[in-house]
Amino acid sequence: MAVVQDSKEVYLGFDFSTQQLKVVAINEDLDVIHQNHVHFDSQLPDFRTEGGVHVAADGLRITSPVLMWVKALDLLLDKMQKEGFDFSSVRALSGSGQQHGSVYWRTGASRTLEQLDPTFSLHQQLQDSFAVGDSPVWMDSSTGPQCERLQEAAGGAAKLADLTGSRAYERFTGNQIAKMCQERLQDFQDTERISLVSSFAASLFLGAYAAIDYSDGSGMNLLDIRTKKWSEVCMEATAPHLDRLLGTPLPSVSVLGPVSPYWVRRFGFSDSCRVVAFTGDNPASLAGMRLQQGDIAVSLGTSDTVFVWLQHPRPALEGHVLINPVDWRHFMALLCFKNGSLTRERVRNRCAEGSWEVFSAALRHTPLGNNGYIGFYFDVLEILPRAVGIHIFDADDNKVSSVSAEVEVRALVEGQFLSRRLHAERLGYSIIPGSRVLATGGASCNKDILQVLSDVFNAPVYTIDVSNSACLGSAYRAKHGVLDQSTVSFFDILKKAPEARLVATPQPTAQQVYNLMLQRYGQLEKRVLQEPRPSNAAANLIG
Ligand code: 5FX
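## Comments concerning the domain arrangement of the chain
Part 1: When its domains are assigned, the chain resolves into domain 1 (10–135 + 194–217 + 250–283) and domain 2 (291–463 + 508–543).
Part 2: The distance between the C-alpha centroids of domain 1 and domain 2 comes to 36 Å.
Part 3: Contact with domain 1, which involves 8 residues of that partner, is made by 8 residues of domain 2.
Part 4: Its largest share of buried area at the contact with domain 2, domain 1 owes to Tyr-214, Ser-215 and Asn-282, together 58% of the area lost on that side.
Part 5: The interface formed by domain 1 and domain 2 holds 0 salt bridges in total.
Part 6: For the pair domain 1 and domain 2, the number of links is 1 residue pair in polar contact (both at pLDDT 80 or more).
Part 7: Put simply, the parts of the chain that give the side of domain 1 that touches domain 2 at least two residues each are helix H10 (214–217) and helix H14 (281–288).

Have a look at this one:
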């Protein structure tokens, strides 16, 4: 992207995601003035990754080479320089990383970081700085025994969830660290610092170990989300000396310090350019979407993801509560639903001649509440709730085996959105006056689907371009980080950000219809959960 850079104050937001490293630069008016990226598989083929990762033969162990991330940063900055980007105008930078991944810095690496020589690349100088070359990432699911042990130590899954915001998850960093300590003791003993992908990336800019921020730290099964301190019980159950290895966590808005002299000399950054704590990609996206209290963001993709701003969280056995990245006194919830677009497409093909127009017409021709029909569509084993199969109920709560095509289309869409609302409310979300639903992802271009979303939540639905929400959120956070936060809120700086687009408002009867239906949905979900699960989810597909 050509650089149009006549601005004095520029803010950079990086995103170390699974498949690529991206950057966005904004000016003081929040206009995007530069974007760039390095795609790992195609631009760094020597590392032989597929989708940015290596999958072990067991299919469970999934890692990424840490030096690939380092080299990607070298390459990205070189590209920006070649394209004429003026680094001297960058006042602050921040970033995000895929959540849960862990980086193991070898003893002595901090000295290398402090003394980086601007005549060489990072990659050349950090070759020997990692005790573990292949960092476990969020897709890894090989830590079942460690999860069990942690839950036992914490007094059960519910207690662990209440303490850390989530029950034990295999991808969560604490369980990954426990396994590393058990299986690679020597490398573990040769580690002087453990970073998350986000704090590792911040360390490269800082020339010193960067603190783990509260939000990304909440994805480790180690941080007490209320005291904002590492939980002693969890630390002890995980590995020895973790206090020292992890450092003290800080609010996500913290200024960690200036960029190291390496960046000043090699790329011409100003020595006053500040590094604001990096965070996880999901918290950064919440910032990029400019989610506010009372709002819920629903991403309608292959799987549907829901972000919620929470003031009073109620961590549960499913879903994740994290400390909020833009206001550490508040929280956010992250919910993932596996049966999203693929299920909508399957029902479209079966009931609407494979056409979104016919699908939309079915939604328009059927009444709010679908004359009492409620559907659960879990083509594959769902995460929330842990159920599978297709279950349709009539107005008297009797299970039925078939309904008309139009009823089925509405049953699917209403059922999906009732489920998103039910599970968000269970974690502490409630609709308040002024609440907005922000819709993103593939299906967010279908007005009739969004009308159902608006009705089920009884709130206006807005769409927003989130193609770069994690980068953009990081650039916004960089700008906020260098201001006086006692007088300027995150939202004060966003006044010039592009407006979200209003696309649907709730119909007058929506509240009455869906408040009742939500209760029924919750009760019927319990029945669905009691049904025996078929061993092969695919056997349960309709049609
Ligand atoms: C969240 O818990 C996840 O595991 C993923 O969304 C990763 O953050 C993807 F990068």
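## Focus: the pattern of salt bridges
Part 1: Under the defined criterion, the tally for this structure stands at 21 salt bridges.
Part 2: As a salt-bridge pair, Asp-327 and Arg-329 come within 3.1 Å of each other at their nearest N and O atoms.
Part 3: Judged by its relative accessible area of 16%, Asp-327 falls in the buried class.
Part 4: Accessibility expressed as a relative area gives 56% for Arg-329, which makes it exposed.
Part 5: Linking Glu-425 and Arg-421 is a salt bridge whose minimum nitrogen-to-oxygen distance equals 2.9 Å. In this pair, Glu-425 and Arg-421 are both assigned in helix H17 (residues 405–426), 4 residues apart and thus about one turn of the helix distant.
Part 6: With a relative accessible area of 6%, Arg-421 lands in the buried category.
Part 7: Linked by salt bridges that have partners in common, Asp-58, Arg-61 and Glu-183 make up one network.

## Examining the side chain of His-34
Part 1: With respect to the helices and strands, His-34 occurs in strand S3 (residues 32–39).
Part 2: Judged by relative accessible area, His-34 falls into the buried class, the value being 0%.
Part 3: Of note is the side chain of His-34, whose polar atom sits 3.1 Å from the side chain of Asn-36.

## A closer look at the sheet that holds strand S15 (residues 296–300)
Part 1: The sheet built from 7 strands is open, its strands ordered S17-S18-S16-S15-S22-S23-S24 with mixed pairing. Here the strands that pair on one side only, and so sit at the sheet edges, are strand S17 (320–323) and strand S24 (501–504). Sheet twist, expressed as the mean angle between neighbouring strand axes with direction ignored, is 25 degrees.
Part 2: Packing of H14 onto the sheet brings it into contact with strand S16 (304–310), S17 and strand S18 (331–337), and relative to S16 it is tilted by some 70 degrees.
Part 3: Lying over the sheet, helix H18 (residues 447–457) contacts S15, strand S22 (437–440), strand S23 (461–463) and S24, oriented at roughly 85 degrees with respect to S24.

## Some words on the nonpolar core
Part 1: In this structure, Leu-242, Leu-246, Ile-296, Phe-359 and Leu-453 are the most contacted members of the largest nonpolar core, which totals 88 residues.
Part 2: Top element by residues in this core is H17. It accounts for 9 residues.
Part 3: The residues that make up this core include at least three from each of domain 1 (10–135 + 194–217 + 250–283) and domain 2 (291–463 + 508–543).
Part 4: Judged by nonpolar contacts, the second largest core, of 54 residues, contains Val-38, Leu-73, Trp-105 and Tyr-262.

## Some details on the sheet that holds strand S5 (residues 62–65)
Part 1: Strand order in the open sheet formed by 3 strands is S4-S5-S8, and the pairing between neighbours is antiparallel. Whereas interior strands pair on both sides, the edge strands pair on one side only; in this sheet they are strand S4 (54–55) and strand S8 (134–136).
Part 2: Pairing geometry for S5 and S8, over 3 bridges, is antiparallel. Bridging across to S8, Pro-65 finds its partner in Asp-134.
Part 3: Seen against the sheet, helix H2 (residues 66–82) touches S5 and S8 and runs at an angle of roughly 40 degrees to S5.

## Looking at helix H20 (residues 510–530)
Part 1: With 21 residues, H20 extends 30 Å between its outermost C-alpha atoms, agreeing within 8% with the 30 Å of an ideal straight helix rising 1.5 Å per residue.
Part 2: Residues of H20 that are buried: Ala-510, Tyr-514, Met-517, Leu-518, Arg-520, Tyr-521, Gly-522, Leu-524, Glu-525 and Val-528.
Part 3: The secondary structure elements touched by the buried residues of H20 are strand S19 (374–378), strand S20 (389–393), H17 and H18.

## What to know about the side chain of Gln-416
Part 1: Looking at where Gln-416 falls in the secondary structure, it is placed in helix H17.
Part 2: Among the polar contacts made by the side chain of Gln-416, one reaches the side chain of Arg-344 at a distance of 2.8 Å.
Part 3: Not counting the four nearest positions on each side in its chain, Gln-416 is found in contact with Asp-304, Asn-339, Gly-340, Thr-343 and Arg-344.

What counts, and at which threshold
- Residues numbered from 1 in each chain as written.
- Predicted model: local features only at pLDDT ≥ 70, side-chain atom pairs only at ≥ 80, totals over all residues.
- Heavy atoms only, no water.
- Domains from an automatic or database assignment.
- Contact = heavy atoms within 4.5 Å.
- Buried area = accessible area lost by both parts, 1.4 Å probe.
- Salt bridge = Lys/Arg side-chain N within 4 Å of Asp/Glu carboxyl O.
- Polar contact = N/O pair within 3.5 Å; in protein donor to acceptor, adjacent residues only side chain to side chain.
- Helix = DSSP H or I, 4+ residues; strand = E, 2+ residues; numbered from the N terminus.
- Buried < 20%, exposed > 50% of the residue type's maximum accessible area, 1.4 Å probe, protein only.
- Pairing = 2+ DSSP bridges.
- Axes fitted to C-alpha atoms, helices over the stretch in contact; angles between N-to-C directions.
- Core = buried A, V, L, I, M, F, W, Y, C linked by side-chain atoms within 4.5 Å.
- Expected span 1.5 Å × (residues − 1).

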